[in-house]
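Report on the structure
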Amino acid sequence: MAAMEPSITTPESSSPVLSNETWGELYERFGRYVLAILRRYVSPVDLDDVAHDFWCHVREKFTDSFKSGDVKAWIATSASRKGLDWAKRKRPERLSEDRDVARGPRGGVLEGLIHTEEERRRATALSNCMESLSADERSLLAERIAGKKSAQIAAARGVTPASEAKEFFNVKSRLQDCVGRAME
Amino acid sequence: MNLHLAELPDDPNELVRWLEPKIAGLDLPELVAELGVLFPPTSSAPKLSDLLGRHTSAVVSDGLTALSEPQLRSLLEHPNRLFDLQQLVLGEDSPYWHAVGNQTQLGARASAGKSRILAEVHAEKPLAFEPRQTSSFRWTLLSSLATAAAVMIGVWIVKPFAGSQSPAEGWGWNQSGILAQAMTPKEHLERLASGSDEWFNKKPASPSELGVRLAEMRRGCSQLILGEHPSLSKDQRDWLVGKCKEWAAKLDQQLAALESGASLEEVQKNSDEIVRKLATALRNKAKEIG
């Protein structure tokens, strides 16, 4: 797909700082894009300040750093790098391995998926609460989220669709309560 | 705290309406974290282009209704691909996804971020001046001063809150030296409370004036959050920074509301209330410390 990019032209002047007009054009086009990229690595409470820092950096450094090519790719790479740097600096003391879903033996694969303490706590709480479900209940949850129909699952389990629906509702409620308590 | 998975709809149409604001919003990492527990990422996961197939363009222009239910469910089973999808649709200049983003915090916070930086830039304008119609000596002198001022602006823009920088004179928490003076913890907090009272010294007459004033107050919050507060203990500093972050978020909300069309009176009233409460909290804490 051909991306419609703004034609960013940097002023011919001795100042490397972008003009308000050019900077504003970049921000309008990519402001939300950058926030979303940063949010992957940055907690909600710090997001505005990190984004502020990023856009001040763009204002100051864009003329020197971006020579030609894909503006969107430059923005995406710079924002990801900024977010990752923040995440590395903020990374707290980890929970013990058996409690930390993003590190422990069962959930180590989430390491690259989760970057903030908030998401790490959420995933760890959910993982621990899943342990309180029976294997059948865990399977029911995964099948329903993956799109398997209630009637199909009920037939396979030898129960009525109404019973299956009730059980699914109960499983979600228990998980919600459990995770809510764990996150308090 | 809400568990996103517990709210996941069964109906495919509802699923689209539920998932799109997540994609164009700021809580996608929470959903991905939850899905990752159920469906841990694998090295053999399909690429986003494989999951979307020939519908990629339609998803960008018209949203997720272009996808079948199995395709939507496949996205949920490969949570990493939700990030890829977000980057795809927000990276394009799609009016559809722009409108979806307007329903979430994403649009408001992006607008607030832009206003904040522009307010900072405009707040520095008095430092710039026109050197025309001056003698050559004065021109040289003024040029030097202008260059120095420009450098100061650049430094302020890039590292506005660096510890050793002297922030430009301002009001409230932006005043030079408000954080640096040696005093007791009680005096420090009382001084900050008095600084916040300066919010009430000026009544903005237009939304744009109020926007600038809110952004300046918000910048003051950042000063406090990132400042050193040498007179406070670690616990006291943690309390102050935690509170400042709450106040900053509330001020951001008011700025976003103003930019979304809320009335001057309403935003002024809400903002006054926020500042009154924060001043009270600071004074109460000062009393508690004694």
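A short tour of the structure in this document, coming up.

Rules used in this analysis
Residues numbered from 1 in each chain as written. Chains lettered and ligands numbered in written order. Predicted model: local features only at pLDDT ≥ 70, side-chain atom pairs only at ≥ 80, totals over all residues. Heavy atoms only, no water. Helix = DSSP H or I, 4+ residues; strand = E, 2+ residues; numbered from the N terminus. Contact = heavy atoms within 4.5 Å. Areas by Shrake-Rupley, 256 points an atom, 1.4 Å probe, with all protein chains shown as cover. Expected span 1.5 Å × (residues − 1). Buried area = accessible area lost by both parts, 1.4 Å probe. Salt bridge = Lys/Arg side-chain N within 4 Å of Asp/Glu carboxyl O. Polar contact = N/O pair within 3.5 Å; in protein donor to acceptor, adjacent residues only side chain to side chain. Nonpolar A, V, L, I, M, F, W, Y, C, P; charged D, E, K, R; others polar. Disulfide = S-S within 2.5 Å. Buried < 20%, exposed > 50% of the residue type's maximum accessible area, 1.4 Å probe, protein only. 1 Å grid on protein atoms, 1.4 Å probe; cavity = no way out; pocket = protein on both sides within 12 Å on 5 of 7 lines; lining within 4 Å. Points joined across faces, edges and corners; volume = space filled by probe spheres on them.

1. Comments concerning the overall build of chain B
Per the secondary structure count, chain B includes 13 helices and zero strands. Each helix (α) and strand (β) of chain B, taken in turn from the N terminus, gives the series α-α-α-α-α-α-α-α-α-α-α-α-α. By sequence separation, contacts in chain B at least 24 residues apart represent 72% of the contacts at least 6 residues apart. Carbon and sulfur atoms make up 52% of the accessible area of chain B, which amounts to about 13,600 Å² in all.

2. Observations concerning helix H12 (residues 234-259) of chain B
Across its 26 residues, H12 of chain B extends 37 Å between first and last C-alpha, which sits within 8% of the 38 Å expected from 1.5 Å per residue. Residue Gly-261 of chain B follows H12 of chain B closely and has a positive phi angle near 105 degrees.

3. Thoughts on the interface of chain A and chain B
Of the residues lining the interface, 57 residues belong to chain A; the matching set on chain B comes to 61 residues. The junction of chain A with chain B conceals about 5,400 Å² of combined surface from both sides, 62% of it contributed by carbon and sulfur atoms. The residue Glu-92 of chain B makes a salt bridge to Lys-72 of chain A at a minimum N-O spacing of 3.0 Å. Our enumeration of links across chain A and chain B arrives at 22 residue pairs in polar contact (both at pLDDT 80 or more). Contributions of two or more residues to the side of chain A that touches chain B are made by helix H1 (20-39), helix H2 (44-65), helix H3 (71-90), helix H4 (117-131), helix H5 (135-145) and helix H7 (161-183) of chain A. The dominant element in the side of chain A that touches chain B, judged by the number of residues it contributes, is H1 of chain A, at 14 residues. Taken together, the residues that form the side of chain A that touches chain B break down as 32 nonpolar, seven polar and 18 charged.

4. Details of the state of the cysteines
In the structure shown here, the tally under the stated rule is one disulfide over all chains. Two residues, Cys-129 of chain A and Cys-178 of chain A, share a disulfide whose sulfurs are 2.0 Å apart. On the sign convention where negative is left-handed, the bridge of Cys-129 of chain A and Cys-178 of chain A, at about -85 degrees about the S-S bond, is left-handed. Remark: Cys-178 of chain A occurs in helix H7 and Cys-129 of chain A occurs in helix H4; sequence separation between them is 49 residues. Each member of the pair, Cys-129 of chain A as well as Cys-178 of chain A, is classed as buried. The thiol of Cys-221 of chain B is not disulfide-bonded; the next cysteine sulfur, from Cys-244 of chain B, is found 5.8 Å away.

5. Focus on empty space enclosed by the protein
What the rule picks out here adds up to three cavities of 30 Å³ or more. Looking at the largest cavity, its volume works out to about 110 Å³. The set of elements that each furnish at least two residues to the lining of the largest cavity consists of H1 and H2 of chain A together with helix H8 (105-123) of chain B. Per-class residue counts for the lining of the largest cavity are six nonpolar, two polar and four charged.

6. Quick notes on the environment of Ile-117 of chain B
Turning to its location among the elements, Ile-117 of chain B is positioned in helix H8. Look at Ile-117 of chain B and you get buried, because its relative accessible area is 1%. In this structure, the C-alpha to C-alpha distance between Ile-117 of chain B and Arg-219 of chain B, residues 102 residues apart in sequence, is 9.4 Å. Apart from the residues within four sequence positions on either side, Ile-117 of chain B is in contact with Trp-23, His-52, Trp-55 and Cys-56 of chain A.

7. Some words on the side chain of Gln-71 of chain B
In this structure, Gln-71 of chain B sits in helix H5 (residues 69-77). Contact partners of Gln-71 of chain B, with chain neighbours within four places excluded, come to Leu-51, Leu-52, His-55 and Ala-66 of chain B.

8. Remarks on the pattern of salt bridges
Under the defined criterion, the tally for this structure stands at 22 salt bridges over all chains. The partner of Lys-114 of chain B in a salt bridge is Glu-28 of chain A, with the nearest N and O atoms 3.0 Å apart. Highlighted residues: Lys-114 of chain B in helix H8 and Glu-28 of chain A in helix H1, drawn from two different chains. We classify Lys-114 of chain B as buried; its relative accessible area is 17%. Since its relative accessible area comes to 53%, Glu-28 of chain A is described here as exposed.

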